[in-house]
Amino acid sequence: MFHYRKTIAAATLTSALIATSCTAYGASPTAGKILLGSAISLTGKYATAGHHAKTGYDFAIAKINAAGGVKIGDKTYMFEVKYYDDESTPARGGQLAERLINQDGVQYMLGPYSSGLTRAIAPVTEKYKIPMVEAEGASRSLFNKGYKYLFAVLSTSEQYLASAVALAARVAKENGKAPADVKVALAFENDPFSLDVRAGVMDDIKKHGLTVVIDDKLPRNLTDMTPTMTKIKALKPDLLVVSGHSKGAGTATRQIAEMKLSIPMVAMTHCESADLVGKYGPTADGYLCATQWAETLTYKDPIFGSASEFNTEIKKTVPAYAKKSVPYQLAQAAAAVYVFKDAFERSGSLDKDKLRDALATTDLTTFYGKVKFSDAGNNIAKPMVLRQIQGGKYNVVAPVDFASHELEWPRK
Amino acid sequence: MLDNILTNIDILIGAPALALDMVVNGLLIGAVFALIAYGLALVWGVMNVKNLAQGDFVILGAYVAWSLFNWGIHPFFGIPVAFGVLWLLGGGLYLFDFENKLASNMSTGRRVLFFAGFCLIGGLLGMTIVDNGNYSVLASVPDTFFIGILIAVFFVFLVFGGIYGFVIRKVIERDLFTSLLATFGVAIVMQQSMNLIFGSDEQTVSLGMESISMLNNNVTIQPTRLVAFLCAIVLAIAVVMFMKRSRMGQAIRATSQNARAARIMGIDTEKVYAFTFSLNAAICGAAGALVAVIWEFQPFIGLIFSIRSFVVVTAAGLGNLPGVIAAGLGMGVLEQTGAFVIGTQYQQAIVVGMLVIVLLIKLVIASRKRQVIDT
């Protein structure tokens, strides 16, 4: 029921903003429409994250339309979007992409949620040469297939926790310890995303010369990490790196506290979506969390303002986020729509091939970060950010250029 | 992989206390597995229904406990009151007694609903009384925990009255595939409903209780697991006593031995089936509340509890309660130690592998026995 409420809230918000935009800009008879399409997970196991993404899309479309829409030549266009629920299943996602393109006449696509769904839809958009800007598929396997029409605004998954390794090496040096003496424990779920994260971490471990003492793979249906934690009891590593979506983050946090382990540095993905602070309070203090975006970053753009303004406005307009932190999944979805607007205006046409070329040459600063695509379509201009939970707050500690707070080490 | 195993064994030799830690924790969680498996053995043995939705029942119980925890219900619940509520529950059970003239005109479905409603009201009344009395015995254990368990039991009982009436009643004593397919369908509907109602996020009931550590922190025991273990044991004993002593328990056992003969003896097997199914649901509800305080859960995690209980029941055999408890505890220990030595990602594989071995041994024993009779 909660989700329905959220959806309704988002829909109300959108229609309200669209209504304002119409009155403000006089619903000029010359305003055309640009129809975007997206298959998104509204039910099934990705439903929560799917709703984040959809809220981001809706919010961005309403904002852009309210700010005058998309100007191509001397004509103004308003964004519209057609959604289908892919039920969190890749096969359904593929079918719906066909349907959007063939039956609904969608010429420009917004991405679905998760790498798996993006992997199912990308071949379809590629086949029909439909440009797709996606915001929620980070697996690097999406960007080695030679896709020409796929563009992603987020950082790829092997970058998620690599900076944690560099941070551990730096801390070791500051404390007069050789990096080779830094013992690392790895616990990664056996799924494409987490293994990507692991690959990035392993590269950096090799680069900085750290020693791996535990290298555990976790099952997909994981509920229990005690075997890994027991090894940590025995081997006392200096750094623990965990990636297993929100269930991995939650389970690890819970069991570290339950088994009274003291690990000087712990880094993981999905802290926010696992709601570590809300669920476990002070026991999660000192954890390092990888994030695509943080509201404290200093980027800004003319539509959404600064990252913190975006954050405040979401909290104000969407009641579901009033009391919890705005997830980065929402921010990057909004950024994807903005990238479309920018490319349309630069291409000066509605032609999808010209649009594709304009997308490829995107060089844009958004509230979410810089966007610039490699030939493979992934965003190479935006670094991942590492935040530490300090007194129940997420504070940016790495990379140094963006850090708002000092790293607290060792964690208590 | 062999290298990994050797290193892991090396760690254990270096710190044998860790092995003790794993065994103790394995036993504690094994009690929860045993409880769930016992419920499964009950419906399987009595009704010949292989309930593939067993794990989902458990997760529903977990959500009930979690919801209550979030609503912040925290009147105290002590042992005397638990006793009082159990007494009320016993009163409710009486409605089901097939010799009770007062209730004998009602249809089975109505009785299930009536009974569940009765339990719910009784439970709420009991809690209100205690809340006003502010009675405190186990101050260290948050009260919500016990209340969570009780209400989970009642709620799940209520829902399953409905499921029983619409689905299960039609597949009792049918062949294997009918019941597997029907309960598989129930499992899917339940997963998606829970996903719609509660969302797909992982949830947990975190009581924030400090662990007890011993032997230089090499052995750590979570009080929640300890409480869960004790609850599981108490529940198991209560169920066994019920099956042995009460008339309904006798009727259930009679029906499971031979349903037709039981009918001839005047036992209303329809009622027995409905009751058995509801009893299993109540057991799952309680187990779910325990799951909620031990692990993180989400709507789709039920399957692994279904698998575990199927393995336990298959290994132990139907109608063999000591066997089910031993197998459940054994599985807890095996999961912990096996995953440590071979690797966490093989945790489920170890369990299923063990089942294969047990079945093979059983097969060998059975074939020997047959030969003896032949000659």
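Just so you know, these numbers come straight off a predicted model, no measurement behind them.

## Remarks on the overall build of chain A
The number of helices and strands found in chain A is 12 helices and 17 strands. The burial tally for chain A puts 62% of its 412 residues in the buried class. When contacts within chain A are restricted to residue pairs at least 6 apart in sequence, long-range pairs at least 24 apart make up 68% of them. Surface summary for chain A: the accessible area is close to 14,900 Å², and the carbon and sulfur share equals 54%.

## Points about the sheet that holds strand 11 (residues 288-291) of chain A
Residue and element names in this part refer to chain A. Taken in spatial order, the 7 strands make up an open sheet running 8-7-9-10-11-16-17, and their pairing is mixed. Of all strands in the sheet, those bounded by a partner on one side alone are strand 8 (211-218) and strand 17 (393-398). Strand-to-strand twist across the sheet, computed as the mean angle between neighbouring axes with direction ignored, equals 25°. As judged from the 5 bridges shared by strand 16 (residues 385-390) and strand 17, these two strands associate in the antiparallel manner. Following the sheet pairing, Gln390 is matched in strand 17 by Lys393. Across the sheet, helix 6 (residues 192-208) lies against strand 7 (183-189), strand 8 and strand 9 (239-243), angled at about 160° from strand 7, the strand it touches most. Along the sheet, helix 7 (residues 226-235) contacts strand 7, strand 8 and strand 9; its crossing angle with strand 8, the most-contacted strand, is approximately 165°.

## Considerations on the pattern of salt bridges
As enumerated under the stated definition, the model contains 19 salt bridges over all chains in all. The closest approach of N and O atoms between Lys233 of chain A and Asp21 of chain B, which form a salt bridge, is 3.0 Å. Taken together, the residues span two chains, with Lys233 of chain A in helix 7 and Asp21 of chain B in helix 2 (residues 16-47). The class for Asp21 of chain B is buried, based on a relative accessible area of 1%.

## Describing the state of the cysteines
Residue and element names in this part refer to chain A. Counted according to the given criterion, the structure contains 1 disulfide over all chains. In this model Cys271 forms its disulfide with Cys289; the gap between the sulfur atoms is 2.2 Å. Here Cys271 and Cys289 share a disulfide; its torsion about the S-S bond, -90°, makes the bridge left-handed. Here Cys271, found in the loop between strand 10 (265-268) and helix 9 (276-280), pairs with Cys289, found in strand 11; they are 18 residues apart in sequence, far enough to count as distant. Both residues of the pair, Cys271 and Cys289, count as buried.

## Overview of the interface of chain B and chain A
Facing the 43 residues of chain B at the interface are 39 residues of chain A. Approximately 3,400 Å² of surface area, both sides summed, lies buried where chain B meets chain A, with 49% of it carried by carbon and sulfur atoms. The interface formed by chain B and chain A holds 2 salt bridges in total. Residue Lys279 of chain A pairs with Glu296 of chain B through a salt bridge whose shortest N-O separation is 3.5 Å. Where chain B meets chain A, there are 21 residue pairs in polar contact (both at pLDDT 80 or more). Within the residue set of the side of chain B that touches chain A, elements represented by two or more residues are helix 1 (2-14), helix 2, helix 7 (176-198), strand 2 (219-221), helix 8 (223-245), helix 11 (269-294), helix 12 (302-316) and helix 13 (321-342) of chain B. At 4 residues, helix 7 of chain B tops the list of elements feeding residues into the side of chain B that touches chain A. Grouping the constituent residues of the side of chain B that touches chain A by class yields 16 nonpolar, 20 polar and 7 charged.

## Notes on the packing of helix 2 (residues 47-66) of chain A against helix 11 (residues 328-347) of chain A
All names here are of chain A. Where helix 2 meets helix 11, the axes come as close as 7 Å, and the angle between the chain directions of the two elements is 40°. Here helix 2 lies oblique to helix 11, going by the angle between them. As for how helix 2 packs across helix 11, the hand of that crossing is right-handed. Counted together, His52, Ala53, Thr55, Gly56, Tyr57, Ala60, Ile61 and Ile64 of helix 2 and Gln329, Leu330, Ala333, Ala334, Ala336, Val337, Tyr338 and Lys341 of helix 11 form the full contact between these two elements.

## A word on unusual backbone geometry
Residues and elements named next belong to chain A. Pro399 follows Ala398 through a cis peptide bond whose omega is -5°. Here the residue pair Trp409 and Pro410 is connected by a cis peptide bond, since its omega of -10° sits within 30 degrees of zero. When you line up the elements, Pro410 lands in the segment after strand 17. Phi is positive for Lys129, which is not a glycine, with a value near 55°. With respect to the helices and strands, Lys129 occurs in the loop between helix 4 (115-127) and strand 5 (132-134). Although it is not a glycine, Asp275 adopts a positive phi angle of roughly 50°. Position of Asp275 among the secondary structure elements: in the loop between strand 10 and helix 9.

## Topic: the nonpolar core
Grouped together as the largest cluster of nonpolar side chains are 100 residues, with contacts concentrated most on Phe79, Phe310 and Phe340 of chain A. It is helix 11 of chain A that provides the largest number of residues to this core, a total of 13 residues. Mapped onto the domain boundaries, this core takes at least three residues apiece from domain 1 (2-155 + 296-372) and domain 2 (159-291 + 385-402) of chain A. Those residues in contact with Phe340 of chain A, other than ones at most four positions away along the chain, are Leu36, Phe79, Tyr108, Met109, Leu110, Pro131, Val133, Leu355 and Leu359 of chain A. With 74 residues, the next largest nonpolar core counts Ile172, Leu279, Cys284 and Ile294 of chain B among its residues.

## Thoughts on the pairing of strand 14 (residues 363-366) of chain A
Across the two faces of strand 14 of chain A the burial differs, with Leu364 and Thr366 of chain A buried and Asp363 and Thr365 of chain A not buried at all. Connecting strand 14 of chain A to the next strand, strand 15 (residues 369-372) of chain A, in antiparallel fashion are 2 residues.

## A closer look at the environment of Thr365 of chain A
Position of Thr365 of chain A relative to the elements: it lies in strand 14. Between the C-alpha atom of Thr365 of chain A and that of Asp301 of chain A, which follows or precedes it by 64 residues, the distance is 6.4 Å.

## Brief notes about the confidence of the model for chain B
For any part of a model where pLDDT is low, the fine detail of the predicted coordinates should not be relied upon. For chain B, the average pLDDT comes to 75, and 71% of its residues sit at 70 or higher. Note that residues 73-104 of chain B has pLDDT below 50 and, in this model, 61 contacts with residues that lie over four places away or in other chains.

## Let's talk about the environment of Asn65 of chain A
For Asn65 of chain A, the location among the structural elements is in helix 2. For the pair Asn65 of chain A and Tyr77 of chain A, spaced 12 residues apart in sequence, the C-alpha to C-alpha distance is 8.2 Å.

## Notes on the packing of aromatic side chains
All chains considered together, the criterion is met by 20 aromatic pairs over all chains. Ring geometry for Phe59 of chain A versus Phe310 of chain A: centroids 5.5 Å apart, planes at 85°, classification edge-to-face. You can see Phe59 of chain A sitting in helix 2 and its partner Phe310 of chain A sitting in helix 10 (residues 307-317), a full 251 residues away along the chain. Overall, the relative accessible area of 0% leaves Phe310 of chain A in the buried class. Where Trp295 of chain B meets Phe305 of chain B, the ring centres are 5.8 Å apart and the plane angle is 55°; that geometry is what we call tilted. Of this pair, Trp295 of chain B sits in the loop between helix 11 and helix 12 while Phe305 of chain B is found in helix 12, placing the two residues 10 residues apart along the sequence. Each member of the pair, Trp295 of chain B as well as Phe305 of chain B, carries the same accessibility label: buried. What links up through ring pairs into an aromatic cluster is the set Phe59, Trp293, Phe304, Phe310, Tyr338 and Phe367 of chain A.

Calculation rules
Position labels on residues start from 1 in each chain and follow its written sequence. Labels follow written order: the first chain is A, the first ligand is 1, and so on. It should be noted that, the model being predicted, local features are given only for residues of pLDDT at least 70 and side-chain atom pairs only at 80 or more, the latter also being counted only at that level, while totals for whole chains, interfaces and linings use all residues. Water and hydrogen atoms play no part in the side-chain values, which are based on all heavy atoms of the structure. In DSSP terms, a helix is any run of H or I states spanning at least four residues, a strand is any run of E spanning at least two, and both are numbered starting from the N terminus. Buried means the residue's accessible area, taken with a 1.4 Å probe over protein chains only, is under 20% of the maximum for its type, while exposed means over 50%, and partly exposed covers the values in between. Any pair of residues with heavy atoms lying within 4.5 Å of one another is described as a contacting pair. The Shrake-Rupley method, run with a 1.4 Å probe sphere, supplies the accessible areas, and residue values consider only the shown protein chains as cover. Here, strands pair whenever DSSP counts at least two bridges between them. To get an axis, fit a line to the C-alpha atoms, keeping to the stretch in contact for a helix; angles then go from 0 to 180 degrees between the N-to-C directions. Here a salt bridge means any side-chain nitrogen of Lys or Arg lying within 4 Å of a carboxyl oxygen belonging to Asp or Glu. Counting rule for disulfides: a pair of cysteine sulfur atoms within 2.5 Å. Put simply, buried area is how much 1.4 Å-probe accessible surface two parts lose in total, over both of them, once they are put together. Contacts described as polar in this section are N or O atom pairs within 3.5 Å, which, within protein, must combine one atom able to donate a hydrogen with one able to accept it, while residues neighboring in sequence count only if both atoms come from side chains. Amino acids outside the nonpolar list (Ala, Val, Leu, Ile, Met, Phe, Trp, Tyr, Cys, Pro) and the charged list (Asp, Glu, Lys, Arg) are all regarded as polar, and Gly is one of them. In what follows, roughly perpendicular refers to angles from 65 to 115 degrees, roughly parallel to angles under 35, roughly antiparallel to angles over 145, and oblique to any angle outside these ranges. By definition, turning the near helix anticlockwise from the far helix through less than a right angle yields a left-handed crossing, and turning it clockwise yields a right-handed one. Throughout, nonpolar core names a set of buried Ala, Val, Leu, Ile, Met, Phe, Trp, Tyr and Cys residues whose side chains join them through atoms within 4.5 Å. Domain boundaries shown here were taken from an automatic or database domain assignment. pLDDT is defined as a per-residue confidence score from the predictor, taking values between 0 and 100. Pairs were defined over the aromatic rings of Phe, Tyr and Trp, the Trp ring being its six-membered one, requiring ring centres within 6.5 Å. Orientation was assigned from the angle between planes: stacked under 30 degrees, edge-to-face over 60, tilted for the rest.

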